[in-house]
2 protein chains.
Amino acid sequence: MKKSIFYHAGCPVCVSAEHDIVNLVGSENVEIVNIGENRSRISEAEAAGVKSVPALVTPGGNALHINFGASMSDVKS
Amino acid sequence: MKKSIFYHAGCPVCVSAEHDIVNLVGSENVEIVNIGENRSRISEAEAAGVKSVPALVTPGGNALHINFGASMSDVKS
């Protein structure tokens, strides 16, 4: 199975959601990307439809926004 | 593994998220509950911390709200 990508920005809501997602999906099935630290991947996340973090982009390309933590504009500012 | 519970209310956002979650977690690991039709389970969902649907309650008891579809007050009205 193609990996999902979990985008977050280190916020407490993000970390909590990350643990849940890794437990549910399995750590081998999801790549974790901190776009607060790894800012070169912000544009990739936006292209995938990510409007806020934490978000999970599925292997099928859907962006699932989970428990609103921070908008992309907050992450970029 | 204890099952997760995915609560939804039949909205288009819910159905899309349901497909993604079932694909990611595996249909054998998640119970799907339509609280628009199965209204007796609304109180159970609220007790689990569900504030809007679609939402996934993990085996650990965390409520993950996914792509805002409808508030619980909308479902109840």
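Residues numbered from 1 in each chain as written. Chains lettered and ligands numbered in written order. Predicted model: local features only at pLDDT ≥ 70, side-chain atom pairs only at ≥ 80, totals over all residues. Heavy atoms only, no water.

- In the nomenclature of an unreviewed UniProt entry, chain A is known as Thioredoxin family protein of Maribacter cobaltidurans.

**Considerations on the overall build of chain A**
Now for step 1: Helices and strands together make up the secondary structure of chain A, namely 3 helices and 4 strands.
Now for step 2: Ordered by position from N to C terminus, the α and β elements of chain A give β-α-β-α-β-β-α.
Now for step 3: For 77 residues, the compact-globule estimate of 2.2 N^0.38 gives 11 Å, and the C-alpha radius of gyration of chain A, at 11 Å, lies within 12% of that figure.
Now for step 4: For chain A, the proportion of its 77 residues judged to be buried stands at 49%.
Now for step 5: The contacts in chain A between residues at least 6 apart in sequence include a share of 60% that link residues at least 24 apart.
Now for step 6: Total accessible area on chain A stands at roughly 3,600 Å², and carbon and sulfur atoms take up 51% of it.
Now for step 7: The average position of the 6 basic charges and that of the 8 acidic charges among the side chains of chain A differ by 8 Å. (Helix = DSSP H or I, 4+ residues; strand = E, 2+ residues; numbered from the N terminus. Rg over C-alpha atoms; globule rule 2.2 N^0.38 Å. Buried < 20%, exposed > 50% of the residue type's maximum accessible area, 1.4 Å probe, protein only. Contact = heavy atoms within 4.5 Å. Areas by Shrake-Rupley, 256 points an atom, 1.4 Å probe, with all protein chains shown as cover. Lys, Arg positive; Asp, Glu negative; His and termini not counted. Charge placed at Lys NZ, Arg CZ, Asp CG, Glu CD.)

**Description of the interface of chain B and chain A**
Now for step 1: Each partner contributes to the interface: chain B provides 18 residues, whereas chain A provides 18 residues.
Now for step 2: Where chain B touches chain A, the interface holds 0 salt bridges.
Now for step 3: Our enumeration of links across chain B and chain A arrives at 6 residue pairs in polar contact (both at pLDDT 80 or more).
Now for step 4: Taken together, the elements giving at least two residues each to the side of chain B that touches chain A come down to helix 1 (12–25) and strand 4 (63–71) of chain B.
Now for step 5: Looking at the side of chain B that touches chain A, the element that brings in the most residues is helix 1 of chain B, giving 7 residues.
Now for step 6: Class assignment for the residues of the side of chain B that touches chain A results in 10 nonpolar, 7 polar and 1 charged. (Salt bridge = Lys/Arg side-chain N within 4 Å of Asp/Glu carboxyl O. Polar contact = N/O pair within 3.5 Å; in protein donor to acceptor, adjacent residues only side chain to side chain. Nonpolar A, V, L, I, M, F, W, Y, C, P; charged D, E, K, R; others polar.)

**Looking at helix 1 (residues 12–25) of chain A**
Now for step 1: Taking 1.5 Å per residue as the helical rise, helix 1 of chain A with its 14 residues ought to reach 20 Å, and the 20 Å between its terminal C-alpha atoms agrees with that figure.
Now for step 2: Buried residues of helix 1 of chain A: Cys14(A), Ala17(A), Glu18(A), Asp20(A), Ile21(A), Leu24(A) and Val25(A), and no others. (Expected span 1.5 Å × (residues − 1).)

**Points about the relation of the copies chain B and chain A**
Now for step 1: Expressed as a screw operation, the relation of chain B to chain A combines 0.0 Å of axial shift with a rotation of 180 degrees, fitting to an RMSD of 0.0 Å. Taken together, the rotation angle and the small translation identify this as a two-fold axis. Within chain B, Ile66(B) has its C-alpha nearest the rotation axis, a separation of 2.3 Å.
Now for step 2: A share of 100% of the interface residues of chain B reappears at the interface of chain A, consistent with the copies meeting face to face through the same patch. (Least-squares fit on C-alpha atoms with pLDDT ≥ 70 in both.)

**Quick notes on the state of the cysteines**
Residue and element names in this part refer to chain A.
Now for step 1: In total, this model carries 2 disulfides over all chains according to the counting rule given.
Now for step 2: Across the disulfide from Cys-11 sits Cys-14; the S-S distance is 2.3 Å. In this structure, the disulfide formed by Cys-11 and Cys-14 twists by about 60 degrees around the S-S bond and is classed as right-handed. (Disulfide = S-S within 2.5 Å.)

**What about the side chain of Glu18(B)?**
Residues and elements named next belong to chain B.
Now for step 1: Its location among the elements puts Glu-18 in helix 1.
Now for step 2: Lys-3 is the oppositely charged side chain nearest to the buried, salt-bridge-free Glu-18, at an N-O distance of 12 Å.
Now for step 3: Not counting the four nearest positions on each side in its chain, Glu-18 is found in contact with Phe-6, His-8 and Ile-32.

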